[in-house]
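In case you want the letters, here they are:
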Amino acid sequence: MVAGNTVSTSAGPAAGTGPFSFTVPQPPPGRFLFSVVLCNDLHVGETVAGHSGDIPALQGVSQLPGHAPYPEVMFKSLVHDATKLGAGFLLATGDITAEAEPVDLRTARSMLDAFGDRHTDWFLTPGNHDHAHDGADYASCSVGRWGGHDCFVDEFFPGTGPTWLATDLLGLRVIGIDTYDKAGKGSDSGGMGPDQMDWFRQTIDEHPDQPTVVFGHHPLLVEASPYPVTGGSTLDAAQAATIVDRYQANPGVFLHHAGHTHRNRRSELAGAPGVVHQEVAAVKEYPGGFTLLRIHEGGYALNFHKSSSDEARAWSERSRTQIAGTWPQFALGARVSDRNVVVERDLSGLKPMPAPSPKAKAKAEPNTDDADVATDDLPTGVVLGGAAIVAAGVGGLVAFRRRSSGGSPDDGTTDDQP
C-alpha cells in the first residue's frame, strides 16, 4: 500500500509499484446550496515565475515565445472551469497583479468581469503586490492612503470606500480584510490599519452565530514549510492573535481563506478549533487553480481544482520545475487533506442559489471559440487521493444575495494529481 500522493505517469500508475488505494469522500450531508471559488495570487503582468532576487541561482521560468502571458492563460481557464462547475460566487484574496500597473489592473478587471459583477458575484481584497507605488507608470493614479499612487484602489475600490468589506451571500456572511493596509514596499509582514482593526472587531461581533467566511491575503500562521518562514510570510503576529480571539468569541466563523504562500495547506487555529485556516495555491503557476467551497445544509467541502485548458495544463507542467524542482510537493500540498476536506456542520439556515435566468444561462455557456480553453478535458467525476472528515456544529441566520449566473454542480469533487 502506498500512502500519500498518488505515484503515476501519463500512461497510468508507475510499473512495478503499488498497490494503490484512494478514498472518495461522500459529499456533506443534506441538500447542496451553492458554491464559492476561493482563489488568489493571479500576479497579472508577471513574466517570470519562481525568480528570487535574493538567490541568483533561482532564475525562474518564463512562458514559451508566441504564447499568451501565463497569468492570463491561467485565470481565463479558472473562470471557464468555475462557471462550468456552477460556482455562484468568487473570492480573490490578493496579489491580483504583479506590481499594480494600470494596464495590468485593467486586464485583471476584464477577466474578473467575465465571471460576473463586482461586489455581487465576485469580491476581492489587495495583497502586498497590489500596494501603492511611485513612478511615472503610476503618476495618473490617486494618492494612496499610505503614500504613493494607488492604482489598485482606483480600479477596484473607486471613491472613498475602504479596501475591506463585509457582505451576505445567501445568508453566508463574507468578510474581506486588507492585510497590507500599511506603509511599506510589500516585502515585510502584513498589517491592518487601526481603523480597519476597529471595524473588523465591530463587524465580526455583530452576528456571532451567523455562518462566516473571512478572506485576506496574508496567512495568520505558516507551519510545516520547507522554505524559510520570515516576518513577511504572515500577518503581524499581534493582529493575527486578535483575529483568532474574535473567532473564538464568534462561533459562526468556520473558514479563513488566505493566499501569499502559493501553496495548499489546511491548518487548525489553536485558539479557535472550529475554524479551518486554508491557504490556497496560486492561480498563476503550478498547480495552478482554485479551491471550490461547496455549501450543503449539513456541512461543506473544500476541493482544489487545477485549471484545465490545454494552455493552462502546459504552463502548469512548465512552471512545476521552479525553485530547483522542489516546487510540486510544496505547492500542491503535502497531505491530501490540504486540498480536499469535508466538514460536517449545521448550515441549514443558508439559502440555495436561485435558478439562473435564460439570459444568465446563455452567459454561462462555454466559449468554444476561445483557443485558450479546452471544453473536452474538464473534470466530470471524482478523482481524489483522499479526504479528511471533521465535525463541527453551529446554526446560521438568513439573508440573501442573488447571483446572475451559475447553477448546481455535481456532488463530485476533483483533485488533479501532479
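All of the points below concern the structure found in this document. (Residues numbered from 1 in each chain as written. Predicted model: local features only at pLDDT ≥ 70, side-chain atom pairs only at ≥ 80, totals over all residues. Heavy atoms only, no water.)

## Structural notes on the packing of aromatic side chains
Item 1. Summed over all chains, the structure comprises 10 aromatic pairs.
Item 2. Plain terms: the ring middles of Tyr-70 and Trp-315 are 4.1 Å apart, the flat faces sit at 10° to each other, and that makes the pair stacked. With Tyr-70 in helix 1 (residues 70-84) and Trp-315 in helix 6 (residues 310-319), the pair connects residues that are 245 residues apart, well separated along the chain. Here Tyr-70 matches Trp-315 in class, with each residue buried.
Item 3. Ring plane angle 85° and centroid distance 6.1 Å describe the contact between Trp-122 and Phe-156, whose orientation is recorded as edge-to-face. Of this pair, Trp-122 sits in strand 7 (residues 122-125) while Phe-156 sits in helix 3 (residues 151-156), placing them 34 residues apart in sequence.
Item 4. Note on Trp-122: relative accessible area 0%, which makes it buried. (Phe/Tyr/Trp six-rings, centres within 6.5 Å; stacked < 30°, edge-to-face > 60°. Helix = DSSP H or I, 4+ residues; strand = E, 2+ residues; numbered from the N terminus. Buried < 20%, exposed > 50% of the residue type's maximum accessible area, 1.4 Å probe, protein only.)

## Comments concerning the environment of Tyr-247
Item 1. Tracing the backbone through its elements, the reader meets Tyr-247 in helix 5 (residues 237-249).
Item 2. Among the residues examined, Tyr-247 registers a relative accessible area of 2% and is labelled buried.
Item 3. Taking the C-alpha atoms as reference, Tyr-247 lies 7.6 Å from Val-275; in sequence the two are 28 residues apart.
Item 4. Sequence-distant contacts of Tyr-247, defined by excluding residues within four places in its chain, comprise Phe-200, Ile-204, Val-214, Leu-220, Val-253, His-256, Leu-269, Ala-272 and Val-275. (Contact = heavy atoms within 4.5 Å.)

## A closer look at the environment of Thr-125
Item 1. Among the secondary structure elements, Thr-125 is positioned in strand 7.
Item 2. Of the residues examined, Thr-125 reaches a relative accessible area of 0% and is grouped as buried.
Item 3. C-alpha separation for the pair Thr-125 and Leu-91, spaced 34 residues apart in sequence, amounts to 8.4 Å.
Item 4. In this structure, Thr-125 is in contact with Ala-92, Thr-93, Gly-94, Ile-96, Phe-152, Thr-163, Gly-176, Ile-177, Phe-215, Gly-216 and His-217, ignoring residues within four places of it in sequence.

## Focus: the sheet that holds strand 8 (residues 165-169)
Item 1. One open sheet holds the six strands; their spatial order is 8-9-10-11-13-12, and the pairing between them is mixed. Strands with a single pairing partner mark the edges of an open sheet, and in this sheet they are strand 8 and strand 12 (265-269). Strand-to-strand twist in this sheet, taken as the mean axis angle between neighbours without regard to direction, amounts to 20°.
Item 2. Set on the sheet, helix 4 (residues 194-206) makes contact with strand 8, strand 9 (172-176), strand 10 (212-215) and strand 11 (253-258); between it and strand 9 the angle comes to about 175°.
Item 3. Against the sheet, helix 5 contacts strand 10, strand 11, strand 12 and strand 13 (272-279), and its axis sits at roughly 130° relative to strand 13. (Pairing = 2+ DSSP bridges. Axes fitted to C-alpha atoms, helices over the stretch in contact; angles between N-to-C directions.)

## Quick look at the state of the cysteines
Item 1. Summed over the entire model, instances satisfying the criterion amount to one disulfide.
Item 2. A sulfur-sulfur distance of 2.1 Å marks the disulfide that ties Cys-141 to Cys-151. As the torsion about the S-S bond is roughly 105°, the Cys-141-Cys-151 disulfide counts as right-handed. You can see Cys-141 sitting in the loop between strand 7 and helix 3 and its partner Cys-151 sitting in helix 3, a full 10 residues away along the chain. Here the two residues Cys-141 and Cys-151 agree in accessibility, since each one is buried. (Disulfide = S-S within 2.5 Å.)

## As for the side chain of Gln-210
Item 1. Its location among the elements puts Gln-210 in the loop between helix 4 and strand 10.
Item 2. A distance of 3.1 Å separates a polar atom in the side chain of Gln-210 from a polar atom in the side chain of Asp-168. (Polar contact = N/O pair within 3.5 Å; in protein donor to acceptor, adjacent residues only side chain to side chain.)

## Quick notes on unusual backbone geometry
Item 1. The step from Tyr-286 to Pro-287 runs through a cis peptide bond, and the omega angle for that step is 0°.
Item 2. Its location among the elements puts Pro-287 in the loop between strand 13 and strand 14 (289-296).
Item 3. Positive phi, close to 60°, is recorded for Asp-41, a residue that is not glycine.
Item 4. Secondary-structure assignment places Asp-41 in the loop between strand 3 (32-39) and strand 4 (48-49).
Item 5. With relative accessibility at 0%, the residue Asp-41 sits in the buried group.
Item 6. Notably, His-43 is not glycine yet its phi reads approximately 55°, a positive angle.

## As for the pattern of salt bridges
Side-chain pairs of opposite charge can arise where the charged atoms are in close proximity.
Item 1. Using the criterion set out here, one finds 16 salt bridges in the structure.
Item 2. Between Lys-284 and Glu-46 there is a salt bridge, with the nearest N and O atoms lying 2.7 Å from each other. Here Glu-46 lies in the loop between strand 3 and strand 4 and Lys-284 lies in the loop between strand 13 and strand 14, a separation of 238 residues in the sequence. When sorted by exposure, Lys-284 lands in the same class as Glu-46, which is buried.
Item 3. Of the charged contacts in the structure, one is a salt bridge between Asp-181 and Arg-145, with a shortest N-O distance of 2.6 Å. Taken as a pair, Asp-181 in the loop between strand 9 and helix 4 and Arg-145 in the loop between strand 7 and helix 3 lie far apart in primary sequence, 36 residues in all.
Item 4. Linked by salt bridges that have partners in common, Glu-46, Lys-284 and Glu-285 make up one network. (Salt bridge = Lys/Arg side-chain N within 4 Å of Asp/Glu carboxyl O.)

## Description of helix 1
Item 1. With 15 residues, helix 1 extends 21 Å from end C-alpha to end C-alpha; this agrees with the ideal 21 Å at 1.5 Å per step.
Item 2. Of all 15 residues making up helix 1, 12 are buried, and the element is well covered by its neighbours.
Item 3. Taken together, the buried positions of helix 1 are occupied by Tyr-70, Pro-71, Val-73, Met-74, Phe-75, Ser-77, Leu-78, Val-79, His-80, Asp-81, Ala-82 and Thr-83.
Item 4. Just downstream of helix 1 lies Gly-86, where phi reads positive at about 85°. (Expected span 1.5 Å × (residues − 1).)

## Quick notes on the side chain of Arg-173
Item 1. The topology assignment puts Arg-173 in strand 9.
Item 2. Put simply, Arg-173 is tucked away with no salt bridge, and the nearest opposite charge, on Glu-206, sits 5.4 Å away.
Item 3. Engagement of the side chain of Arg-173 in a polar contact is seen with the backbone oxygen of Ile-204, the distance being 3.2 Å.
Item 4. Not counting residues within four places of it along the chain, the set of residues in contact with Arg-173 comprises Thr-167, Asp-168, Thr-203, Ile-204, Glu-206, His-207, Gln-210, Pro-211, Thr-212 and Val-213. (Lys, Arg positive; Asp, Glu negative; His and termini not counted.)

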